[in-house]
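Here is what each chain is made of, one letter per residue.
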Amino acid sequence: QSQCTACGGVWLLPLNLSKQAHNSLIDEILSLPNARVGIVGYHVSVPASASHSLTNDSVLLHSVINSWDEQTLSSQNRRLCLAIQTSVQDFQASSSNILNKIAIVMSAGEITHGCSGINAPDLNLNGIVNDPGDQAIKVACDAHLQENITFYSVGFGASADEATLQAIAQCG
């Protein structure tokens with residue numbers, strides 16, 4: 001970890017903050033009866049080692065999250081729409097009879113890569129049609145309408161795409 005004097009000696013990278021937040025969130029959610037959590041770590045792809053399908057095994061989920069590093073999940077080359085598509089597929093495969101399907105999108109960087117085959121209007125209102133943020137919003141909104149998945153979002157750091165994350169959460 002990097003050292004600094006202005007922050008008490010330890011400067012936490014966005015990835016460190018993301019890992020802490022994910023681990024805390026897992027503990028909170030799994031304290032609820034019958035809850036399950038899935039993890040989708042992403043960058044340009046969704047590496048199998050950075051993800052896990054729905055489970056109630058907190059030790060396993062913490063292990064996946066704690067294995068994340070700057071090379072696995074960099075703040076560059078982010079393809080959020082692919083992560084959302086992967087989580088939707090997990091819901092489809094693992095939760096057909098679950099009434100409450102909730103996806104929490106957490107991002108610490110710019111959304112730099114889109115997904116092929118997705119065409120979206122300017123949903124994040126940045127003046128650019130069909131950019132990677134628009135595609136992520138479209139995939140989330142389609143998942144809400146078709147699969148009844150409710151989306152929440154969390155951004156870490158100054159480079160998080162707030163407009164896109166807010167629009168994803170507004171899908172429902």
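Rules used in this analysis
- What you see as residue numbers is a count from 1 along each chain, following the sequence as written.
- Only residues with pLDDT of 70 or above have their local features reported here, since the model is predicted, and side-chain atom pairs are shown and tallied only from 80 upward, although totals for entire chains, interfaces and linings are computed over all residues.
- Side-chain measures here rest on the full set of heavy atoms in the structure, leaving out hydrogens and waters.
- Helical segments are the DSSP runs of H or I of at least four residues, strand segments are the runs of E of at least two, and each set is numbered from the N terminus.
- Here the term buried applies to any residue with accessible area under 20% of the maximum for its type, exposed to any over 50%, and partly exposed to those in between, with areas from a 1.4 Å probe on protein chains only.
- Only heavy atoms enter the contact rule, under which two residues are in contact if any of them lie within 4.5 Å.
- Strand pairing requires that DSSP identify at least two bridges connecting the strands.
- By convention a crossover is right-handed if, when the strands point away from the viewer, the path from the first strand over the helix to the second runs clockwise.
- What counts as an axis is a line fitted to C-alpha atoms, over the stretch in contact for a helix, and the angles between N-to-C directions run from 0 to 180 degrees.
- Note that the term roughly parallel is reserved for angles under 35 degrees, roughly antiparallel for angles over 145, roughly perpendicular for angles of 65 to 115, and oblique for everything else.
- The sense of a crossing depends on the near helix, which, turned anticlockwise from the far helix by less than a right angle, makes the crossing left-handed and, turned clockwise, makes it right-handed.
- Classes in brief: Ala, Val, Leu, Ile, Met, Phe, Trp, Tyr, Cys and Pro nonpolar; Asp, Glu, Lys and Arg charged; the others, Gly included, polar.
- The term disulfide is used for any two cysteine sulfur atoms that are within 2.5 Å.
- For patch detection, residues must exceed 30% relative accessible area and be free of salt bridges, and they are connected within 9 Å for like charges or within 5 Å for nonpolar side chains (Val, Leu, Ile, Met, Phe, Trp, Tyr).
- Using the Shrake-Rupley algorithm and a 1.4 Å probe, accessible areas are obtained, with residue cover drawn only from the displayed protein chains.
- Just to be clear on terms, a salt bridge is a Lys or Arg side-chain nitrogen sitting within 4 Å of an Asp or Glu carboxyl oxygen.
- For this analysis, a nonpolar core means a set of buried residues of the types Ala, Val, Leu, Ile, Met, Phe, Trp, Tyr and Cys, connected via side-chain atoms within 4.5 Å.

1. A look at the overall build of the protein
Check the secondary structure of the protein and you find five helices and four strands. Starting at the N terminus, the α and β elements of the protein follow one another as α-β-β-α-α-β-α-β-α. The buried share among the 172 residues of the protein stands at 40%. Sequence separation of at least 24 residues holds for 62% of the intrachain contacts in the protein that already meet a minimum separation of 6.

2. Some thoughts on the pairing of strand β4 (residues 149-155)
Relative to β4, strand β3 (residues 101-107) runs parallel, the two being bridged by seven bridges. The partner of S107 across the bridge, within β4, is G155. Handedness of the crossover joining β3 and β4 through helix α4 (residues 132-147): right-handed.

3. A few points about the packing of α4 against helix α5 (residues 162-170)
Where α4 meets α5, the closest approach of the two axes is 9 Å, and the angle between their N-to-C directions is 10°. Classified by the angle their axes make, α4 and α5 are roughly parallel. Our pair here, α4 against α5, has a crossing hand that is right-handed. For the pair formed by α4 and α5, the contact residues are G133, A136, I137 and A140 on the first element and T164, A167 and I168 on the second. Each residue belonging to the contact of α4 with α5 can be placed in one class, and the counts come to five nonpolar, two polar and no charged.

4. Thoughts on the packing of helix α3 (residues 80-94) against α4
Closest axis-to-axis distance for the α3/α4 pair is 8 Å, and the angle between their directions is 15°. Classified by the angle their axes make, α3 and α4 are roughly parallel. Handedness of the crossing formed by α3 with α4: left-handed. Two secondary-structure elements touch here, α3 through L80, C81, I84, Q85, V88 and Q92 and α4 through Q135, A136, V139, A140, A143 and E147. Classifying every residue of the contact of α3 with α4 gives eight nonpolar, three polar and one charged.

5. A look at the state of the cysteines
By the definition in use, this model includes two disulfides. Paired by a disulfide, C141 and C171 hold their sulfur atoms 1.9 Å apart. Since a negative S-S torsion denotes a left-handed disulfide, the C141-C171 link at about -70° is left-handed. Highlighted residues: C141 in helix α4 and C171 in the segment after α5, separated in sequence by 30 residues. Taking the relative accessible area as the measure of exposure, C141 reaches 24% and is therefore partly exposed.

6. Comments concerning a nonpolar patch on the surface
A contiguous nonpolar surface patch, about 320 Å² in accessible area, is contributed by I102, I104, Y152 and V154. Residue assignment for the nonpolar patch shows that the elements contributing at least two residues are β3 and β4. Looking at the element boundaries, V154 is found in strand β4. Note on V154: relative accessible area 30%, which makes it partly exposed.

7. Describing the nonpolar core
Counting 25 residues, the largest nonpolar core has L80, I84, V105, I149, F151 and I168 as the members making the most contacts within it. Sort the elements by how many residues they give to this core and α3 lands first, with six residues. Ignoring anything within four residues of it in the chain, the contact list for I149 reads V88, F91, K101, A103, A143, H144 and G172. If you look at the next biggest cluster of nonpolar residues, it comprises ten residues, including I26, L30, A35 and L61.

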